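Topology and contacts: notes
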Amino acid sequence: MDTRASILAAAWQQFEVNGEAGLSLRKVAGAVGITPMAIYRHFENRQALIDALVAEGIAEWRKRVDAISSRPARAWLEAIGDAYLAYALEAPARFDAAFLVYSDKALKYPDDYLAGGSPAVSLQMQLIAEFAGPERAGEIMVAIAALGQGLVSLHRAGRVTGDVENFRTFYRTTMRRFIESQIREDKA
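Rules used in this analysis
Residues numbered from 1 in each chain as written. Predicted model: local features only at pLDDT ≥ 70, side-chain atom pairs only at ≥ 80, totals over all residues. Heavy atoms only, no water. 1 Å grid on protein atoms, 1.4 Å probe; cavity = no way out; pocket = protein on both sides within 12 Å on 5 of 7 lines; lining within 4 Å. Points joined across faces, edges and corners; volume = space filled by probe spheres on them. Helix = DSSP H or I, 4+ residues; strand = E, 2+ residues; numbered from the N terminus. Nonpolar A, V, L, I, M, F, W, Y, C, P; charged D, E, K, R; others polar. Phe/Tyr/Trp six-rings, centres within 6.5 Å; stacked < 30°, edge-to-face > 60°. Buried < 20%, exposed > 50% of the residue type's maximum accessible area, 1.4 Å probe, protein only. Expected span 1.5 Å × (residues − 1). Contact = heavy atoms within 4.5 Å. Salt bridge = Lys/Arg side-chain N within 4 Å of Asp/Glu carboxyl O.

Space inside the largest pocket adds up to approximately 730 Å³. What lines the largest pocket is a set of 33 residues, and nearest its centre among them are Ala98, Phe99, Tyr113, Ala145 and Gln149. Elements represented by at least two residues in the lining of the largest pocket include exactly helix H4 (46-66), helix H5 (73-90), helix H6 (92-99), helix H8 (119-132), helix H9 (134-156) and helix H10 (164-187). In terms of residue count, H9 provides more of the lining of the largest pocket than any other element does, 7 residues in total. Looking at the lining of the largest pocket residue by residue, the classes come out as 25 nonpolar, 6 polar and 2 charged.

Have a look at this one:
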């Protein structure tokens, strides 16, 4: 493993234990066996290292989305919701890096998404447009993302009763009902 990859691996170890706030360049350097100043040969500053973690978290998310097989629009939207939930529960630090950590490098809504910057979001909006029309696709996509992220945040904060399996059921039911409400609203 090269030095840059070793730095990233050590940063992930710290991030998984202490989150973004506990990410220390000195501790990362110590774990890699280099001086703190040597990190600056690979990353301009702490934020650049965080940006690299964000990019890796997003890349892992994209792989999960790409693994979803083709299916009808509503079923695919439910599948991406399931993939989002699985990512949050199985890899919480990488999920946080992908969706909750600030980075200037991360895509911004609406401009970057509407311009096609995210293949996953572009596909979601295309599928949403099938039942809600293109003029509402962006709005519904953001509402689905916000609902999913909000539910995950409530679960992590202990604000949803029950075990993980109960939460999965609650999450899936809530997401399905929201998507169905948008289909019914469009047909009304």
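Applying the stated criterion to the full structure yields 11 aromatic pairs. With a centroid separation of 5.7 Å and 85° between ring planes, the pair formed by Trp61 and Tyr84 is classed as edge-to-face. With Trp61 in helix H4 and Tyr84 in helix H5, the pair connects residues that are 23 residues apart, well separated along the chain. Residue classification places Tyr84 among the buried positions, given a relative accessible area of 9%. A network of ring pairs unites the aromatic residues Trp61, Tyr84, Tyr87, Phe95 and Phe99 as a single cluster.

A few words now on helix H1 (residues 3-18). Look at H1: 22 Å from first C-alpha to last across 16 residues, which is about the 22 Å you get at 1.5 Å a residue. Among all positions of H1, only Ile7, Leu8, Ala10, Ala11, Trp12, Gln14 and Phe15 are buried. Those residues of H1 that are buried lie in contact with helix H2 (25-32), helix H3 (36-39), H4 and H6. Of the residues trailing H1, Gly19 is marked for its positive phi of about 70°.

On inspection of all chains with the given rule, the structure shows 9 salt bridges. Where Glu90 meets Arg64, a salt bridge forms, and the shortest distance between an N and an O atom there is 3.2 Å. Here Glu90 is found in helix H5, whereas its partner Arg64 is found in helix H4, with 26 residues between them in sequence. Under the relative-accessibility criterion, Glu90 is labelled exposed at 54%. Residue classification places Arg64 among the partly exposed positions, given a relative accessible area of 21%. Of the charged contacts in the structure, one is a salt bridge between Arg74 and Glu180, with a shortest N-O distance of 3.0 Å. Taken as a pair, Arg74 in helix H5 and Glu180 in helix H10 lie far apart in primary sequence, 106 residues in all. A network of salt bridges, in which partner residues are shared, links Glu56, Glu60, Arg64, Glu90 and Arg94.

Tracing the backbone through its elements, the reader meets Ser118 in the loop between helix H7 (111-114) and H8. Excluding residues that lie within four positions of it along the chain, Ser118 makes contacts with Arg62, Leu107 and Tyr113.

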